[in-house]
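Okay, here's what each chain looks like letter by letter:
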Amino acid sequence: PTTRQRVLIMREKNELSLYFVLSFFLAFPQQCVGAGKDCCSSLLLDSDLAVHKIQGDRLGFYTQFGYYGARPFYRQQGGDFYIFYLEDVQHWIECKNFYGAGEQFSKLVNEMDGYCLDDHNNWSFYNGSDLMYSEVLTSNCSKIEDVCCKELRISSANSEVIIDKEPYYNNQSKDSLGDYKAIGMTNGRFVYQKDNLDSFLEYGTKHWTVSSGVGQNTGHIIHHGGSVCPEHIEKEWQISDKNEDGEGVWKEDPELKITCVKKTNDVTPKPSTTKEPVAQSYVQIEPARQASYSSVAAVLGCILMLLLSMMIGMFARRFHRAWGRGAHGKQLLFETLDIE
């Protein structure tokens, strides 16, 4: 070929390469651009009391459970709910018991198409009839041990009060007061137990309850709605009581408080009383956030797909040009592969 023909061929190759690069990124923008991004492995989905009273069982702490739709998806810790990106509607949704289901099963929706769930908060919740936008419904990178207390104290100034010769607290409600320690998680929150006794503080169906067993629907102390951490609740606690007919009722106690006994991750070294070498106090160091192996593999996959697309396009163009000139058999193969 002449010099002019070589220039035209090189121009065609460059244009072809640019075409396939642009086509690939337009077809798969999130898969390649977001693949190397490091998202939260643990997050908190939280809101105010009003949303807790309606959709509180779907809130709480979540951890990454894998990938779905080329993005991380999350499972509620100790719960039944998942959060994932639904490609059909191009936003994040929540669903119970399984992931990959349709939007009709979701009660919480984050209408944004970012690669990470914490990129932007545009959450709405189902209020019983419609989806309602909420500025206070948010998701952020958080771990439960950094937000909630592991040791609590339930107390009330009314525990010793007597009104008309009747104690304000019955025996069961009074026995429910005391110190509790976290023993596990359920419904995205800590479960607490009192001094190894059969008294548990847990979050059930849209309420915190102190009862004699985990998973019970009745108890002796309750808060309807609640929060992700019981120590964050300042009012509306109720205790069990009986009316004039002897029927069980709930009675509000404005003096009931839940406070933190020991702050999580507090490490206070004790002063040494000896001159001998002593072991250093253990200090938990948060590991640096690193891209997962799956993210690296996704980036490499994108690059390989780009190269493959460019090669296929280039050979297809050569094949078409050689065929048009009347090449057949070995000559067609040689010209397609650019073999002299």
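All chains use their own residue numbering, which begins from 1 and follows the written sequence. Local features are withheld for residues below a pLDDT of 70 in this predicted model, meaning they are given only at 70 or higher, and side-chain atom pairs are given and counted only at 80 or more; totals for whole chains, interfaces and linings count all residues. The side-chain numbers reported here are obtained from all heavy atoms of the structure, hydrogens and water having been left aside.

**Student:** I'd like a rundown of the sheet that holds strand E8 (residues 131–133), residues and numbers included.
**Tutor:** Between any two strands, at least two bridges found by DSSP are needed for them to pair. By definition, any uninterrupted DSSP run of H or I lasting at least four residues is a helix, any uninterrupted run of E lasting at least two residues is a strand, and each is numbered from the N terminus. In spatial order, the strands read E8-E7-E6-E5-E4-E3-E2-E1-E9; together these nine strands make up an open sheet with antiparallel pairing. Both edges of this open sheet fall to E8 and strand E9 (138–141), since each of them pairs with a single strand only. Averaged over all adjacent pairs, the angle separating strand axes in this sheet is 30°, with direction ignored. Note: strand E6 (residues 108–110) against strand E7 (residues 123–126), three bridges, orientation antiparallel. Considered in E7, the bridge of leucine 108 is made with phenylalanine 125. Interaxial angle, 0 to 180 degrees, is taken between N-to-C directions of lines fitted to C-alpha atoms, where a helix line uses only the stretch in contact.

**Student:** Give a description of unusual backbone geometry that names residues and reports values.
**Tutor:** One non-glycine residue with positive phi stands out, namely aspartate 195, at about 40°. Along the chain, aspartate 195 falls in the loop between strand E14 (189–194) and strand E15 (200–203).

**Student:** Can you break down the pattern of salt bridges residue by residue, with the values?
**Tutor:** A side-chain nitrogen of Lys or Arg and a carboxyl oxygen of Asp or Glu constitute a salt bridge if their distance falls within 4 Å. A complete count under the given rule lists eight salt bridges for this structure. One salt bridge in this structure joins lysine 251 and aspartate 241, with 3.2 Å as the shortest N-O distance. Here lysine 251 is found in strand E19 (residues 248–252), whereas its partner aspartate 241 is found in strand E18 (residues 238–242), with 10 residues between them in sequence. Burial classification: accessible surface area is computed with a 1.4 Å probe over protein chains only, and a residue below 20% of its type maximum counts as buried, one above 50% as exposed, and the rest as partly exposed. Residue class for aspartate 241 comes out partly exposed when judged on its relative accessible area of 25%. Through salt bridges with shared partners, a single ionic network connects Asp57, Arg58, Glu94 and Lys206.

**Student:** Provide a residue-level description of the side chain of serine 134, including the pertinent values.
**Tutor:** Within the secondary structure, serine 134 is located in the loop between E8 and E9. Using a relative accessible area of 8% as the deciding quantity, one classes serine 134 as buried. Contacts described as polar in this section are N or O atom pairs within 3.5 Å, which, within protein, must combine one atom able to donate a hydrogen with one able to accept it, while residues neighboring in sequence count only if both atoms come from side chains. Polar side-chain contacts of serine 134 include one of 3.3 Å to the backbone nitrogen of leucine 137. Residue contacts are defined here by distance: any two heavy atoms, one from each residue, within 4.5 Å place the two residues in contact. When near neighbours in sequence (up to four residues on either side) are disregarded, serine 134 contacts Ser47, Val51, Trp123, Ser124 and Phe125.

**Student:** Before we move on, could you go through the packing of aromatic side chains and cite the residues and values that matter?
**Tutor:** Aromatic pairing here means that ring centres of Phe, Tyr or Trp (its six-membered ring) are within 6.5 Å. Orientation follows from the plane angle: under 30 degrees is stacked, over 60 is edge-to-face, and everything else is tilted. By the definition in use, this model includes eight aromatic pairs. On the basis of an interplanar angle of 85° and a centroid distance of 5.6 Å, the ring pair of tyrosine 68 and phenylalanine 84 is categorised as edge-to-face. Note that tyrosine 68 is positioned in strand E2 (residues 60–68) and phenylalanine 84 in strand E4 (residues 81–86), a separation of 16 residues in sequence. The partly exposed category is assigned to tyrosine 68, whose relative accessible area is 27%.

**Student:** I'd love a proper account of the confidence of the model for the protein, names of residues and values included.
**Tutor:** Looking at the protein as a whole, the pLDDT averages 80, with 73% of positions reaching at least 70. Confidence scores per residue from the predictor, reported as pLDDT, run from 0 to 100. Taken as a whole, residues 266–295 scores under 50 in pLDDT and shows 18 contacts with residues more than four places along the chain or in a different chain.

**Student:** So, the pairing of strand E1 (residues 42–46): which residues are in play, and what are the values?
**Tutor:** Most of E1 is tucked away: five of the five residues are buried. Here E1 shows no split at all, with Ser42, Leu44 and Asp46 on one side and Leu43 and Leu45 on the other all buried. In terms of strand pairing, E1 meets E2 through four bridges, oriented antiparallel. Its bridge partner lying in E2, leucine 45 is registered against glycine 60. Here four bridges tie E1 to E9, and the two strands are oriented antiparallel to one another. Counterpart to leucine 43 in the pairing with E9 is cysteine 141.

**Student:** Can you explain the nonpolar core? Please cite residues and give values.
**Tutor:** Throughout, nonpolar core names a set of buried Ala, Val, Leu, Ile, Met, Phe, Trp, Tyr and Cys residues whose side chains join them through atoms within 4.5 Å. Core analysis: the largest hydrophobic core is formed by 25 residues, its most contacted members being Ile154, Tyr192, Leu201, Ile221 and Leu256. Among the secondary structure elements, those contributing two or more residues to this core are strand E10 (151–156), E14, E15, strand E16 (207–211) and strand E20 (256–262). Leave out the neighbours within four places in its chain, and leucine 201 touches Leu152, Ile154, Tyr180, Phe190, Val191, Tyr192, Trp208, Thr209, Val210, Pro230 and Ile258. Listed in part, the 20 residues of the second largest apolar core include Cys40, Leu43, Leu59 and Ile83.

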